[in-house]
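Residue strings, one per chain:
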Amino acid sequence: MDLSILLGAWVAAGLTLFIFSFLYKDNFFFKLGEHLYIGVSVGYSITLLIFKFMRPKWFTPLFGEHQWILLIPTLLGILILTRFIPRLSWPSRLTFAFIFGFGAGLTIPRSISGYILQQIQGTVIPMITKEGTQISYTFRDFSNLLVFIGVLTVLIYFFFSVEHKGAINILSRIGILFLMISFGASFGYTAMARMSLLFGRCYDLTLFSSKRYYYATPILLCLIILCFLIHHVLSKKHSV
Amino acid sequence: MRSIFHLLIFLLIEGQAFSQELTPPKELKAFDAPYDSGNVLYLTWKGMPYDSEKVDYIVYISESEEGPFFEIGRFKSNTHFKADKNWPAWAWKRTTEYHYFEISSFIKEGKEIPLENGKTYFLKLLVTDGIKQVKSNVVSAFPKGNLFNLLKLNNLIYMIIFSVIILWFIARAKKRELFLRKIPALEAIEEAIGRSTEMGRPIYFLTGRLGMSSVSTIASTIILGEVAKKVATYGTEIKVPHTDPIVMSVCQEITKQAYISAGRPDAYREDSNFFITEDQFSYTAAVDGLMVREKPAACFYMGYYYAESLLLSEVGASIGAIQIAGTDAEHQLPFFVTTCDYTLIGEELYAASAYLSKNPVLMGTLRGQDVGKGFLMGAVFIGTGLATLGTITGAMQIVSFVLDWFKGF
C-alpha cells in the first residue's frame, strides 16, 4: 500500500478518535484535534482567499489587465485596515456603510419575491378539484386547506402589534401548533441525516481497523485509553 | 348509417389540415428577448389556419442575410404558442393566436455558438407538411441587455407601498411609543445576565454564520448592543466569538458603544470580540471547547445558523447555561427549540431588536411589517377564493390576471 494512503488512514483514525474522546471528557487529545482543526482550516481559508479570489479576481485584473475600476474595492478594502490604528479607524466605517447599503439593496427585492410573493403563490391554490365538468373534493384539496389554515394562523402568531388575547390567542396557538409539528418533522429528518454522518465515521474507523491498515483504529484507541489511565493514576498520586 | 356519418365527419376534420394550402407565416417578427440581460432573441408569428399535428415549423438562423442558414428548431405547428410562456399579463400577452420561439444559441460546424449582444442575426421560417414546403421572408434583430425587468413590476410596486407604510409608521413612532406585545424570551435576557453576574461566569454571544448583508445578522448585532449595555451595567464579562471578520469589526464598534452609553468605557475589553475561523465545523469545535472550559452561565445564539446549531446548543445545555436562541433559519429552529430555554422564532428575532432598543426606526419598521403580514393574509384569502371560483366557473384566464399580481417572477 502507498505510504501516503497508510499515513492518511492513521491520521484520519487518530483525529476521529481524538474528537470522539470529548465524549469521555475535555482532554488533551480533544484539544489537540480541535487546535489542529482550527489551524488547518485557517491556513486553508487563507490559501483559498489568495489563490481563488485575490490573485484571479483582484491582482491579475488590476495589475495585469489594468482594470482601474478595481481601485474602488481596493480602496474600500484598505479603509478596513485603518482599524489597526484606533485614532484613524473612522474611515473604516465608510466601507461598512457600503457593505450595509449594498446588502440591504440586494436583500429587499429578493425578499419581496422570495419570501412574500412566492409564499403567496404557493398558498393560493384552488380548494376543489375539477376534472372536465366534474367537481370533486380529494385528499390533495384537504392538504391545500391545511396549508391555507397553517399559513394564516402562523402569520397571526407573528403579529407583534396586537395583544394575543381572545380569538387572536386561540388562532396564534393553532399557528404555534403548526410550527411545532413542522419542527418535529424537521428534527426527525435531520437527526436521521446526522446518524448517517456518524455511520460514515464509524465505517471509516472499522475500515482502518483491518490488517490492511495495520490495525490503526484499535492501536490508537488503546494508546489513548492508556494515556487516560496514566494521567488518571498520576493525578490521583499528585492529589494524595 | 350513423357510422358512415361519423366517418364522413372524421374525414372532414382530419382532412382539413390537408385542405388548407400552405402559405408563408404572417406577421413574422424577430426581436430582442425582453426583460433579460441579453444574448436571447424571440421570433413571433401569427397562428395559421393550417396549424396542426401534420404541419411542422422549422426555424433557421444566419449571421448574414444571404446565409448560410442553420436549423435551430423544428416543432409541430400546433405548439409553441405565446400562451405557453408563464409570464404576467402586464408584460406578455398570453395568447394562442401567436406562436413564439426562443433562440439563445445555434450549432455551426458542430459547435454551439451563443448569441452575442449587439450583433444582428437573420431568421426565417419554413413551413412543411412533409410534401410541400413554404418559406417565410427573412427578418432580423440583435440581442441586447434590458435595463428594466417588467416581470418584477409587482415587486417594485409592493416595495414602494411597503416603504411608504414603514416610513409613515417610523414617523409615528418618533412622536409616540408604539405598542409591542411581550416576547417571553426577551424577558429572560435580564435573568440570564443576572445569573452570570451572581455566578461570576462569562456570557457567550454568537452572532450566527452569515455576513453583514444578512438581515438576521443585523438583528443579532442590534441585540448584542442591548445585551452588552446590560452586561456593562452589571459588570459581567461578555465574549463574542466570530466567524466573519467584518461582522467582528461591526460588533467591536457596537460593544464599545454599548459600554460607553452604559457609562462604563473603562470596563470595555477589546478582546471581548474575537475571530476564530471562517470554517463552519472548526469554528464550532473551538466554541464548544471554550464553552466546556470556561463554563459560561448564559449563551445567546442569535442570527443565522446551519448544522452547527445543535452542536453548539447541546454543549451549552450540558454545562448548565441558560440558553436563549433566535434565528430565522427554519431548519435549525427545531434544534434550538429542543435544547435552549427560550427561542426567538423567525421574525421574533427582528422584533427582539426593536423591543429591546425601543428605537423608533425599528419599532416603526416592525409595525409596517405587521401591515405587510395583514396584506399577505388578505392576498392569500382573496387569492384562494378567486382560484377556487376560477376552477368552478372555468374562468381561470380572467382570474389569473389578478393572481399574477401575487406571484413572484
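Owing to the predicted nature of the structure, the values given are computational and were not obtained by experimental measurement.

Criteria and thresholds
- Residues numbered from 1 in each chain as written.
- Chains lettered and ligands numbered in written order.
- Predicted model: local features only at pLDDT ≥ 70, side-chain atom pairs only at ≥ 80, totals over all residues.
- Heavy atoms only, no water.
- Helix = DSSP H or I, 4+ residues; strand = E, 2+ residues; numbered from the N terminus.
- Rg over C-alpha atoms; globule rule 2.2 N^0.38 Å.
- Contact = heavy atoms within 4.5 Å.
- Lys, Arg positive; Asp, Glu negative; His and termini not counted.
- Charge placed at Lys NZ, Arg CZ, Asp CG, Glu CD.
- Buried < 20%, exposed > 50% of the residue type's maximum accessible area, 1.4 Å probe, protein only.
- Areas by Shrake-Rupley, 256 points an atom, 1.4 Å probe, with all protein chains shown as cover.
- Buried area = accessible area lost by both parts, 1.4 Å probe.
- Salt bridge = Lys/Arg side-chain N within 4 Å of Asp/Glu carboxyl O.
- Polar contact = N/O pair within 3.5 Å; in protein donor to acceptor, adjacent residues only side chain to side chain.
- Core = buried A, V, L, I, M, F, W, Y, C linked by side-chain atoms within 4.5 Å.
- Domains from an automatic or database assignment.
- pLDDT = per-residue confidence, 0-100.
- Arc of directions from axis to C-beta.
- Phe/Tyr/Trp six-rings, centres within 6.5 Å; stacked < 30°, edge-to-face > 60°.
- Pairing = 2+ DSSP bridges.
- Axes fitted to C-alpha atoms, helices over the stretch in contact; angles between N-to-C directions.
- Parallel < 35°, antiparallel > 145°, perpendicular 65-115°, else oblique.
- Left-handed = near helix turned anticlockwise from the far one by under 90°.
- Nonpolar A, V, L, I, M, F, W, Y, C, P; charged D, E, K, R; others polar.

What about the overall build of chain A?
Each helix and strand counted, chain A has 7 helices and 2 strands in total. Shown N-terminal to C-terminal, the secondary structure of chain A runs as helices and strands in the order α-α-α-α-β-β-α-α-α. For chain A, the C-alpha radius of gyration of 29 Å lies well beyond 18 Å, the compact-globule estimate for 240 residues. Overall, chain A is about 80 × 55 × 50 Å in size when its C-alpha atoms are taken along their principal axes. Put simply, of all contacts in chain A between residues at least 6 apart along the chain, 37% involve residues at least 24 apart. When the 19 positive and 8 negative side-chain charges of chain A are each reduced to one mean point, those points stand 9 Å apart.

So, the overall build of chain B
Helix and strand content of chain B: 12 helices and 16 strands. Whereas a compact globule of 409 residues would reach a radius of gyration of roughly 22 Å, chain B reaches 32 Å, over 25% beyond that. The C-alpha extent of chain B, read off along each of the three principal axes, is 100 × 50 × 45 Å. The buried share among the 409 residues of chain B stands at 52%. The long-range share in chain B, meaning contacts at least 24 apart out of those at least 6 apart in sequence, stands at 66%. Accessible surface, chain B: about 18700 Å² in total, of which carbon and sulfur atoms supply 59%. Charged side chains of chain B number 40 positive and 44 negative; the gap between the two group centres comes to 5 Å.

Quick notes on the interface of chain B and chain A
Each partner contributes to the interface: chain B provides 69 residues, whereas chain A provides 55 residues. In this assembly, chain B packs against chain A so that about 5500 Å² is buried in total across both faces, 71% of it on carbon and sulfur atoms. When the buried surface of chain B facing chain A is broken down by residue, B:R181, B:R293 and B:M377 rank first, second and third, together holding 12% of it. For the interface between chain B and chain A, the tally reads 4 salt bridges. When the shortest N-O distance is used, the salt bridge between A:R93 and B:E253 registers 2.9 Å. Run the count over chain B and chain A and you get 19 residue pairs in polar contact (both at pLDDT 80 or more). Of all elements in the fold, only helix 3 (153–175), helix 5 (215–234), helix 6 (245–261), helix 7 (280–294), helix 8 (308–318), helix 9 (333–339), helix 10 (348–357) and helix 11 (360–393) of chain B reach the threshold of two or more residues within the side of chain B that touches chain A. Top element by residues in the side of chain B that touches chain A is helix 11 of chain B. It accounts for 18 residues.

Notes on the nonpolar core
Soluble globular proteins tend to pack their nonpolar side chains together in the buried interior. Residues and elements named next belong to chain B. Core analysis: the largest hydrophobic core is formed by 49 residues, its most contacted members being F205, V227, I238, F300 and I324. Apart from residues lying up to four places away in sequence, F205 is in contact with S220, I223, L224, V227, I238, K239, V240, P241, F300 and M302. In terms of nonpolar packing, the next biggest core, distinct from the first, is built from 25 residues, L22, M48, F106 and A141 among them.

Notes on the domain arrangement of chain B
Assigned domains of chain B: these are domain 1 (2–141), domain 2 (150–164 + 365–406) and domain 3 (178–357). Centre-to-centre separation of domain 1 of chain B and domain 3 of chain B, based on C-alpha positions: 60 Å.

Concerning the confidence of the model for chain A
Chain-level statistics for chain A give a pLDDT mean of 89 and a share of 100% at 70 or above. The secondary-structure element of chain A with the lowest mean pLDDT is strand 1 (residues 129–131) of chain A, recorded at 82, while helix 1 (residues 3–20) of chain A shows the highest, at 93.

Notes on the pattern of salt bridges
Residues and elements named next belong to chain B. One pass over the structure, following the stated rule, counts 22 salt bridges over all chains. With a closest N to O distance of 3.9 Å, D266 and R264 form a salt bridge. Residues joined by salt bridges that share partners form a network here, namely E237, K239, R269, D271 and E294.

Description of helix 12 (residues 396–403) of chain B
Residues and elements named next belong to chain B. Looking only at helix 12, the buried set comprises V399, S400 and L403. Summarising the axial view, the buried residues of helix 12 lie within an arc of 105°, below the 170-degree limit, and thus occupy one face. Opposite the buried face of helix 12, at more than 90 degrees from it, the exposed residues are Q397 and I398.

Some details on the packing of aromatic side chains
The tally for this structure, following the rule as stated, stands at 38 aromatic pairs over all chains. When the ring of A:Y24 is compared with that of A:F228, the centres are 4.9 Å apart and the planes differ by 50°; the resulting orientation is tilted. Of this pair, A:Y24 sits in the loop between helix 1 and helix 2 (28–64) while A:F228 is found in helix 7 (residues 216–239), placing the two residues 204 residues apart along the sequence. Overall, A:F228 belongs to the buried group, its relative accessible area being 18%. Where B:F106 meets B:Y121, the ring centres are 6.2 Å apart and the plane angle is 70°; that geometry is what we call edge-to-face. With a gap of 15 residues between them, B:F106 in strand 6 (residues 105–108) and B:Y121 in strand 8 (residues 121–128) connect regions that are remote in the sequence. Per residue, the accessibility class of B:F106 equals that of B:Y121, and both read buried.

Some thoughts on the sheet that holds strand 2 (residues 41–46) of chain B
All names here are of chain B. On the basis of which strands lie adjacent, the open sheet formed by 3 strands has the order 1-2-5 and antiparallel pairing. Of all the strands in the sheet, the pair left with one neighbour each is strand 1 (29–32) and strand 5 (98–103). In this sheet, neighbouring strand axes are inclined to one another by 25° on average, regardless of whether the strands run parallel or antiparallel. Two strands pair when backbone bridges link them, and strand 2 and strand 5 are joined in this way by 6 bridges, in the antiparallel orientation. Counterpart to L43 in the pairing with strand 5 is F101.

Examining the side chain of B:K124
Mapped onto the elements, B:K124 comes out in strand 8. Ignoring sequence-local partners within four residues, the contact set of B:K124 consists of B:I58, B:V59, B:Y60, B:F69, B:K135, B:S136, B:N137 and B:V138.

Quick word on unusual backbone geometry
Despite not being glycine, A:Y215 has its phi angle at roughly 55°, a positive value. Within the secondary structure, A:Y215 is located in the loop between helix 6 (166–207) and helix 7. Although it is not a glycine, B:Y35 sits at a positive phi angle of roughly 60°. With respect to the secondary-structure elements, B:Y35 resides in the loop between strand 1 and strand 2. A relative accessible area of 19% places B:Y35 in the buried class.

A closer look at the packing of helix 1 of chain A against helix 6 of chain A
All names here are of chain A. Axis separation between helix 1 and helix 6 bottoms out at 10 Å; the angle between their running directions is 130°. When the axis of helix 1 is compared with that of helix 6, the two are oblique. The chirality of how helix 1 crosses helix 6 is left-handed. Taken together, the residues of helix 6 that come into contact with helix 1 (itself represented by A12, A13, T16, L17 and F20) are L198, R201 and L205. Of the residues that constitute the contact of helix 1 with helix 6, the class distribution is 6 nonpolar, 1 polar and 1 charged.

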